[in-house]
Amino acid sequence: MLKPAVPPPPFIKSAYGPAPRAQRAADLPSFASVAVRDLFPDIVPAIYREEVDLPAIRQATERALAGVDMSMIRPGDTVNVASCEHGFSIMGGRPYAEMLKTIRDVVRERTGCEKIRLRVGSWQGYREAAEGIAQLGLEAHYGKGRATGFGPTDKGVPIETAVGTFYGIQRVYDATWFIHAYYDDAREIYLHRYTFRPFKAFMMAYARQETRGLLHMYPNRSGNFLHKAVFESPFVQQRYAFTCLLRSSPDGITGIEANRDLYEINRHIIRDHLRDYGKMLKLFESIDECVPIIDGGRWLFYIPAGGLTFCELLYGTRDNLDLTNPYTTAAWDIRDPDIMALTNPAIRALVINQMWRGIPCAGITWRYPTALVGQDLTDMFDQDASSPGLVSAVMTMDTLEQAVDWAKQTAGTDRLIAFDGSFGHINCSPSMGEYLIRKAPEVIRKVDAELPKWLKQRGLSPEIPPPSFRPASEEATVA
Amino acid sequence: MLQVKFIAHVDRAKCSGCKLCEKVCLTDTIKVVNKVAVVDDDCLGCTRCVDICWHDEAVVMVPRPTPRYVGTDVNEVDAEQVRGLCAQAHRLPGELVCVCANTSAGEIAAAIIKGARSFKELSFATGVLQGCQEFCVPPIQRMLKVKGVDVTKAGGFLKYDQTLSMWDIPKAAQERFEYHFAEDLALATKSREGGE
């Protein structure tokens, strides 16, 4: 089952990262890969793995939107396609961009509406959205001035909810209608814990900085009702048209789901992700020693291997899918009794070939022996106000090989795993690949046993039918 | 104690005087004077001005001749007052509030007790709010509110009161939303009793 390493997806060039590295982890001598469907054959197969598959995304979007009622949109209305820059990081951003382009085309054709604007939410940086919009051809598609970004400090708008007042970004809602154009990739599972995952943008990407911060204060198994409360508010509901969402599995993009009923989409995500990403989570949890190589065009936490982001390995010390567990990371109103236990002791050292600045990660480099590749990366972090003190804790190496040699020696293991943006497979050292292959059967047994409990905790039965967009022939059987 | 190693620097020839940098500076240390941006030596190096100046590329970060150190010694103020202020904001003094500057609730409380009443004053006193702002804003707002500060007017681009804590959620809403809220509220309350 061990295969040659697979070139990872490309990523957009950014002012927030170093110059793209000529050498990726997948280029390391003797590097191998393990296909996620070799490990777990029932993972939902991808319709998109690389750029040549883009027509499948357009077709899937058209098919999904064909079943959506758009009669509320009149020719003279304005429509905002509300999106988030994180989608540009999923498999290089092309599939998400293609979905966004197709939404515009279909809505225009079906409704006669001409005033369709793309709004792209960003995390913090003032250039994030613009970089993606330009490099993925979104302004060219939507029209000049009709594809623009917004950020957490843009003008806010109060949203009265059953819980209290929250603050959204005015430019998300300044149209007759908005379409929630989102994605379901598996990141920060320890935060959303598959409770209302597709609603998250209403307290994050579409919200003011102050409101985003508030979500992090609440316990993460119960606090996710906040974004549900925003979604249910009269202010949002009066403007909400429908959702169109990029669906994924660890294998890649699996389809497009569109529906006005976001709760139904939520149920489908829970159903599929607990089973598919649940296996990847448990596989990561089974790793007892490793050296992750961070090698992507995004922030440390959000770069995947086999479709699952690095943060799930980093914080994979507790069962984040079991809702009887109240403690996971970064939910600060419940004080964690053992916060030091959160970061995974199986990570013995860390190599950073490339990633973005802007999210606090000095604490990670204080926790693990860390090598940065290239003085330019070190200089970049030296100026990063989110990670002061990071450079004093790390080694700087000239080449990736040097960094890997140092890390292997420091860690006492040659089990390397590359977080390089890959879906469908994990690029890794042969020893790591063989370890994962050995562990997979045990993981399958564990997830099969736990899945009914996880589903029940979220009000679902194991018999919940698959989403209608997926052909029955591609559907695996839920245990 | 936060070490500030860099300071913003303006290339006068490139600066168009557009004032975007002014608008994103929480410490008011970059201002446009006679149509050119000027940086004050108090700059805490957050780099927002550099980031927003992407059309002109007139602002860069340069090393300070000597690093600047920012922080408030929590031992300089009465420990009971610190504990009390933190408790009213549902925090314990030793809890981390700003994961970027590594600033505790106790240090922020000490700075407020010593007189800080705005985001700018708290930034200079403790180094908070210069990084991601993803975690620190609501607890800082809660602590400032305890001292009667109108957090919608505490300065800069942070203008919205978002201090609603778990303990403020109306009972009817608590009951309406499922997923362990009452259980978590009890845990959160217990986890804040007696500790440091």
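Not measured: the values here are computed from a predicted model.

1. Let's talk about the packing of aromatic side chains
Ring pairs (aromatic) are described by centroid distance and by the angle formed between their planes.
All names here are of chain A.
Piece 1. Scanning the model with the defined rule gives 27 aromatic pairs over all chains in all.
Piece 2. Judged by centre distance (5.2 Å) and plane angle (75°), the ring pair of phenylalanine 310 and phenylalanine 419 falls under edge-to-face. One end of the pair, phenylalanine 310, is in helix 12 (residues 310-314); the other, phenylalanine 419, is in strand 17 (residues 416-419), and 109 residues separate them in sequence.
Piece 3. The buried category is assigned to phenylalanine 310, whose relative accessible area is 0%.
Piece 4. Here phenylalanine 419 falls in the buried class, since its relative accessible area comes to 0%.
Piece 5. Linked through ring pairs, Tyr173, Phe178, Phe196, Phe199, Phe202, Tyr206, Phe231, Phe235, Tyr240 and Tyr263 together constitute an aromatic cluster.
Piece 6. Between the NZ or CZ atom of arginine 187 and the centre of the ring of tyrosine 302, over which it lies, the distance is 4.7 Å.
Piece 7. Note that arginine 415 overlies the ring of tyrosine 435, its terminal NZ or CZ placed 3.9 Å from the centroid.

2. Thoughts on the packing of helix 4 (residues 105-113) of chain B against helix 5 (residues 119-126) of chain B
Residue and element names in this part refer to chain B.
Piece 1. For the pair helix 4 and helix 5, the least separation of the axes is 10 Å and the interaxial angle reads 120°. With respect to each other, helix 4 and helix 5 are oriented oblique. Relative to helix 5, helix 4 is oriented so that their crossing is right-handed. Residues Glu107, Ile108, Ala111 and Ile112 of helix 4 lie in contact with helix 5, whose contacting residues are Leu122, Ala125 and Thr126.
Piece 2. Classifying every residue of the contact of helix 4 with helix 5 by side-chain character gives 5 nonpolar, 1 polar and 1 charged.

3. Observations regarding the domain arrangement of chain B
Many descriptions give the size of an interface as the accessible area lost when the pieces come together.
Residue and element names in this part refer to chain B.
Piece 1. Taken domain by domain, chain B consists of domain 1 (2-69), domain 2 (74-162) and domain 3 (164-196).
Piece 2. Taking the mean C-alpha position of each, domain 1 and domain 2 sit 24 Å from one another.
Piece 3. Listed per partner, the contact involves 12 residues of domain 1 and 14 residues of domain 2.
Piece 4. Here domain 1 meets domain 2 over a buried area of about 1,100 Å², counting both sides, of which 65% is carbon and sulfur.
Piece 5. Among the residues domain 1 hides against domain 2, the three largest losses belong to Leu2, Leu26 and Arg48. Together they make up 52% of the total.
Piece 6. Across the domain 1-domain 2 interface, the total number found is 3 residue pairs in polar contact (both at pLDDT 80 or more).
Piece 7. In terms of residue class, the side of domain 1 that touches domain 2 is made up of 5 nonpolar, 2 polar and 5 charged.

Rules used throughout
Position numbers for residues count from 1 along each chain, tracking the sequence in the order it is written. Each chain is given a letter, starting from A, and each ligand a number, starting from 1, according to the order in which they appear as written. A pLDDT threshold of at least 70 governs which residues receive local features in this predicted model, and a stricter bar of 80 or more applies before side-chain atom pairs are shown or counted, although totals over entire chains, interfaces and linings include all residues. Each side-chain value is derived from all of the structure's non-hydrogen atoms; neither hydrogens nor water enter the calculation. Working definition: rings of Phe, Tyr and Trp (its six-membered ring) pair if their centres are within 6.5 Å, and the pair is stacked with planes under 30 degrees apart, edge-to-face with planes over 60 apart, and tilted otherwise. Working definition: helices are DSSP H or I runs of at least four residues, strands are E runs of at least two. Numbering for both runs from the N terminus. Only protein chains enter the accessibility calculation, which uses a 1.4 Å probe. A residue is then buried if its area is under 20% of the maximum for its type, exposed if over 50%, and partly exposed in between. Should the NZ of a Lys or the CZ of an Arg lie within 6 Å of a ring centre and within 35 degrees of the ring normal, that charge is described as sitting over the ring. Geometry is summarised by axes, namely lines fitted to C-alpha atoms with helices restricted to the contacting stretch, and by angles between N-to-C directions that run from 0 to 180 degrees. Here is the rule for angles: anything less than 35 degrees is roughly parallel, anything more than 145 is roughly antiparallel, 65 through 115 is roughly perpendicular, and the remaining ranges are oblique. If you view the pair so one helix is near and one far, a crossing is left-handed when the near helix is turned anticlockwise from the far one by less than a right angle, and right-handed when it is turned clockwise. By the convention used here, residues are in contact when the closest approach between their heavy atoms is within 4.5 Å. Only Asp, Glu, Lys and Arg are considered charged, only Ala, Val, Leu, Ile, Met, Phe, Trp, Tyr, Cys and Pro nonpolar, and every remaining residue, Gly among them, polar. Boundaries between domains were set according to an automatic or database domain assignment. By convention, the term buried area covers the 1.4 Å-probe accessible surface removed from two parts as they join, with the contributions of both added. Polar contact is defined as a pair of N or O atoms within 3.5 Å, subject to the rule that within protein one atom must be able to donate a hydrogen and the other to accept it, and that residues adjacent in sequence are counted only when both atoms are side-chain atoms.

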